[in-house]
Amino acid sequence: IILAFIVGLYLMRTLTHLPTFLDLNHFYSSNVQNFPDSEVAYGNLGVTYVNQGKHGSAIDSWNDALKINPLYDVPNYNLYSIFKGAGHWDQAFKYLEQCLQSKTVHFPTDWTKEYEEMKKTMPLRKGFDEQLRIINNSFKEARYDGN
């Protein structure tokens, strides 16, 4: 009888938690609910949002992780990647700097190399972006002389 009771309790526990594992979003959302002070839980939730194409939700989740622990390098690097991919160089550069100033940096060699490359190319990118802005404005105004 005792063994049947214990098995019944484990079965109930398992059946209660099965919906948590429907997909990664449910799983990591439950982690955030169970561990609201865990920057890792918010970081993982952000990754699932990116995989679903929900970039805004991912950014919010990673910013929540940074509110808990501003010295956590992974959300900073993920934010750097998102903003770099969107062409927001200044924001990307800021997050990469914060990533490298973190207490622990998971991939210091690779990320430092990216930082140095970005530092070199930032002025070129700004100039390129300015030229694109001028060209786009001239097209909007039906001026094709580039001025």
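Reference entry: report on the structure contained in this document. (Residues numbered from 1 in each chain as written. Predicted model: local features only at pLDDT ≥ 70, side-chain atom pairs only at ≥ 80, totals over all residues. Heavy atoms only, no water.)

Some points on the overall build of the protein
And step 1. A count of helical and extended segments in the protein gives 7 helices and 0 strands.
And step 2. The N-to-C order of helical and strand elements in the protein reads α-α-α-α-α-α-α.
And step 3. The C-alpha atoms of the protein give 23 Å as radius of gyration, which overshoots the globular expectation for 147 residues (15 Å, by more than 25%).
And step 4. Its C-alpha atoms give the protein principal-axis dimensions of roughly 90 × 40 × 20 Å. (Helix = DSSP H or I, 4+ residues; strand = E, 2+ residues; numbered from the N terminus. Rg over C-alpha atoms; globule rule 2.2 N^0.38 Å.)

Examining the packing of aromatic side chains
A ring pair, where both rings are aromatic, is described by two values, the distance of the centres and the angle of the planes.
And step 1. One pass over the structure, following the stated rule, counts 5 aromatic pairs.
And step 2. A centroid spacing of 4.3 Å and a plane angle of 10 degrees characterise the contact between Tyr-77 and Trp-111, whose relative ring orientation is stacked. Here the residue Tyr-77 occupies a position in helix α5 (residues 73–85), and Trp-111 occupies one in helix α7 (residues 108–140), the gap between them amounting to 34 residues. Trp-111 carries the same exposure label as Tyr-77, and that label is buried.
And step 3. Here the aromatic rings of Phe-93 and Tyr-115 are separated by 5.2 Å at their centres, their planes lie at 15 degrees, and the arrangement is stacked. Taken together, the residues span a long stretch of sequence, with Phe-93 in helix α6 (residues 89–100) and Tyr-115 in helix α7 at a distance of 22 residues.
And step 4. The exposure class of Tyr-115 is buried, given its relative accessible area of 14%.
And step 5. Taken together, Tyr-77, Tyr-80, Phe-107 and Trp-111 form an aromatic cluster joined through their ring pairs.
And step 6. The lysine or arginine in question, Lys-94, covers the ring of Tyr-95, its NZ or CZ lying 4.5 Å from the ring centre. (Phe/Tyr/Trp six-rings, centres within 6.5 Å; stacked < 30°, edge-to-face > 60°. Buried < 20%, exposed > 50% of the residue type's maximum accessible area, 1.4 Å probe, protein only. Lys NZ or Arg CZ within 6 Å of the ring centre and 35° of its normal.)

Re helix α4 (residues 55–68)
And step 1. Here α4 contains 14 residues, and its C-alpha end-to-end distance of 20 Å stays within 8% of the 20 Å for a straight helix at 1.5 Å per residue.
And step 2. Among all positions of α4, only Ala-58, Ile-59, Ser-61, Trp-62, Ala-65 and Leu-66 are buried. Projected down its long axis, α4 shows its buried positions confined to an angular sector of 165 degrees, all on one face.
And step 3. Where α4 is buried, its residues contact α3 (39–51), α5 and α6. (Expected span 1.5 Å × (residues − 1). Arc of directions from axis to C-beta. Contact = heavy atoms within 4.5 Å.)

Comments concerning the packing of α5 against α7
Think of two packed helices as two axes; the pair is described by the angle between the axes and how far apart they sit.
And step 1. As a packed pair, α5 and α7 sit with axes 13 Å apart at the nearest point and diverge in direction by 40 degrees. One element, α5, and the other, α7, form an angle in the oblique class. Remark: the crossing between α5 and α7 carries left-handed chirality. Each of Asp-73, Tyr-77, Tyr-80 and Lys-84 in α5 lies in contact with α7, whose residues at this interface are Trp-111, Glu-114 and Met-118.
And step 2. Residues of the contact of α5 with α7, tallied by class, amount to 4 nonpolar, no polar and 3 charged. (Axes fitted to C-alpha atoms, helices over the stretch in contact; angles between N-to-C directions. Parallel < 35°, antiparallel > 145°, perpendicular 65-115°, else oblique. Left-handed = near helix turned anticlockwise from the far one by under 90°. Nonpolar A, V, L, I, M, F, W, Y, C, P; charged D, E, K, R; others polar.)

Quick word on α7
And step 1. Its axis deflected by about 45 degrees at Thr-121, α7 carries its strongest bend there, up to four residues before the proline Pro-123.
And step 2. Among the residues making up α7, those that are buried are Trp-111, Tyr-115, Met-118, Met-122 and Ser-138.
And step 3. For α7, the elements touching its buried residues are α5 and α6.
And step 4. Positive backbone phi, at 60 degrees, marks Ala-142, one or two positions downstream of α7. (Bend = angle between axes of the 7 residues up to and from the residue.)

Comments concerning the side chain of Ser-138
And step 1. Within the fold, Ser-138 resides in helix α7.
And step 2. At 2.7 Å, the side chain of Ser-138 forms a polar contact with the backbone oxygen of Ile-135. (Polar contact = N/O pair within 3.5 Å; in protein donor to acceptor, adjacent residues only side chain to side chain.)

Quick notes on the nonpolar core
And step 1. Grouped together as the largest cluster of nonpolar side chains are 26 residues, with contacts concentrated most on Tyr-77, Leu-79, Tyr-80, Phe-83, Tyr-95, Leu-96 and Met-118.
And step 2. Elements with a minimum of two residues in this core: α2 (24–34), α3, α4, α5, α6 and α7.
And step 3. With near-sequence residues (within four places) excluded, Tyr-80 lies in contact with Ala-92, Tyr-95, Leu-96, Glu-114 and Met-118. (Core = buried A, V, L, I, M, F, W, Y, C linked by side-chain atoms within 4.5 Å.)

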